[in-house]
Amino acid sequence: YIALVINNIDIVKLKKAQSSLIKLNNNNSNYPNLTVTSSQITKDQQILWIGPLSNKMQAITYLGELKPKLPTQIFTYIPKQQYEIYIFGKSNISLINNAQALDFYKEFMINKIYKP
């Protein structure tokens, strides 16, 4: 899964971003079965989950296609400093239920799995 961690966003902008990602994925035949869901980590922090992706390489490829589109097509109203992007294994998603768990996983991912 791709996790877009967004800070200080209101629900209207979050839903708009989610709809834009769904539309982008529906128009991309390489990723026909991706869903986009959201979860709240803290009062000021939301995650948009994109997936499932088959494996880490597919996630990296998808991320490479997505990153240049974020500021110009999807998050045009969200400054780059307000969001972060990560790759998560499906089994780890259920462990991310608070800001402390998210910070621990981000550090682990950057050091051991993939540096976005």
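Everything here concerns the structure above.
Residues numbered from 1 in each chain as written. Predicted model: local features only at pLDDT ≥ 70, side-chain atom pairs only at ≥ 80, totals over all residues. Heavy atoms only, no water.

Draft legend 1. Molecular detail of the layout of surface pockets. Reported here for the largest pocket is a volume of approximately 160 Å³. What lines the largest pocket is a set of 12 residues, among which Tyr1, Lys56, Ile87, Phe88 and Gly89 lie closest to the centre. Grouping the amino acids of the lining of the largest pocket by side-chain chemistry returns 8 nonpolar, 2 polar and 2 charged. (1 Å grid on protein atoms, 1.4 Å probe; cavity = no way out; pocket = protein on both sides within 12 Å on 5 of 7 lines; lining within 4 Å. Points joined across faces, edges and corners; volume = space filled by probe spheres on them. Nonpolar A, V, L, I, M, F, W, Y, C, P; charged D, E, K, R; others polar.)

Draft legend 2. A look at the sheet that holds strand S2 (residues 35-42). With respect to topology, 4 strands assemble into an open sheet ordered S2-S3-S1-S4, the strand pairing being antiparallel. Taken across any chain shown, the strands that pair with only one partner, and hence form the sheet edges, are S2 and strand S4 (83-87). Sheet twist, expressed as the mean angle between neighbouring strand axes with direction ignored, is 20°. The pairing of S2 with strand S3 (residues 45-51) spans 7 bridges and is classified as antiparallel. Bridged to Thr42 within S3 is Gln45. Sheet strands touched by helix H1 (residues 11-26): strand S1 (2-7), S2 and S3. Its angle to S2, the strand with the most contacts, is close to 155°. Running over the sheet, helix H2 (residues 56-66) touches S1, S3 and S4 and is turned about 155° from S4. (Pairing = 2+ DSSP bridges. Helix = DSSP H or I, 4+ residues; strand = E, 2+ residues; numbered from the N terminus. Axes fitted to C-alpha atoms, helices over the stretch in contact; angles between N-to-C directions. Contact = heavy atoms within 4.5 Å.)

Draft legend 3. Representation of empty space enclosed by the protein within the structure. Throughout the structure, instances matching the rule amount to 1 cavity of 30 Å³ or more. Of the voids in this model, the largest cavity is the one considered here, and its volume is about 50 Å³. Taken together, Leu24, Asn25, Asn28, Tyr62, Glu65, Leu66 and Lys69 make up the full set of residues lining the largest cavity. For the lining of the largest cavity, the elements supplying multiple residues, two or more each, are H1 and H2. Ranked by residues supplied to the lining of the largest cavity, first place goes to H2 with 3 residues. Split by residue class, the lining of the largest cavity holds 3 nonpolar, 2 polar and 2 charged.

Draft legend 4. Summary view of the packing of aromatic side chains. Across all of its chains, the model carries 3 aromatic pairs by this definition. Between Phe75 and Tyr83, the aromatic rings sit 4.8 Å apart at their centres with planes inclined by 75°, giving edge-to-face as the arrangement. Here Tyr83 falls in the buried class, since its relative accessible area comes to 10%. Note on Phe88 and Tyr105: the rings are 4.1 Å apart at their centroids and 20° apart in plane angle, and the pair reads as stacked. (Phe/Tyr/Trp six-rings, centres within 6.5 Å; stacked < 30°, edge-to-face > 60°. Buried < 20%, exposed > 50% of the residue type's maximum accessible area, 1.4 Å probe, protein only.)

Draft legend 5. Structural view of the nonpolar core. Counting 38 residues, the largest nonpolar core has Ile2, Leu48, Ile50, Phe75 and Phe88 as the members making the most contacts within it. Tallying contributions element by element places S1 first for this core, with 5 residues. Those residues in contact with Ile2 that lie beyond four places of it in its chain are Leu48, Trp49, Ile50, Leu53, Ala59, Tyr62, Leu63, Ile85, Tyr86 and Ile87. (Core = buried A, V, L, I, M, F, W, Y, C linked by side-chain atoms within 4.5 Å.)

Draft legend 6. Structural context of the pattern of salt bridges. Tallying each qualifying case throughout the model produces 1 salt bridge. Of the charged contacts, one joins Lys43 and Asp44 as a salt bridge, the two residues approaching to 4.0 Å between their closest N and O atoms. (Salt bridge = Lys/Arg side-chain N within 4 Å of Asp/Glu carboxyl O.)

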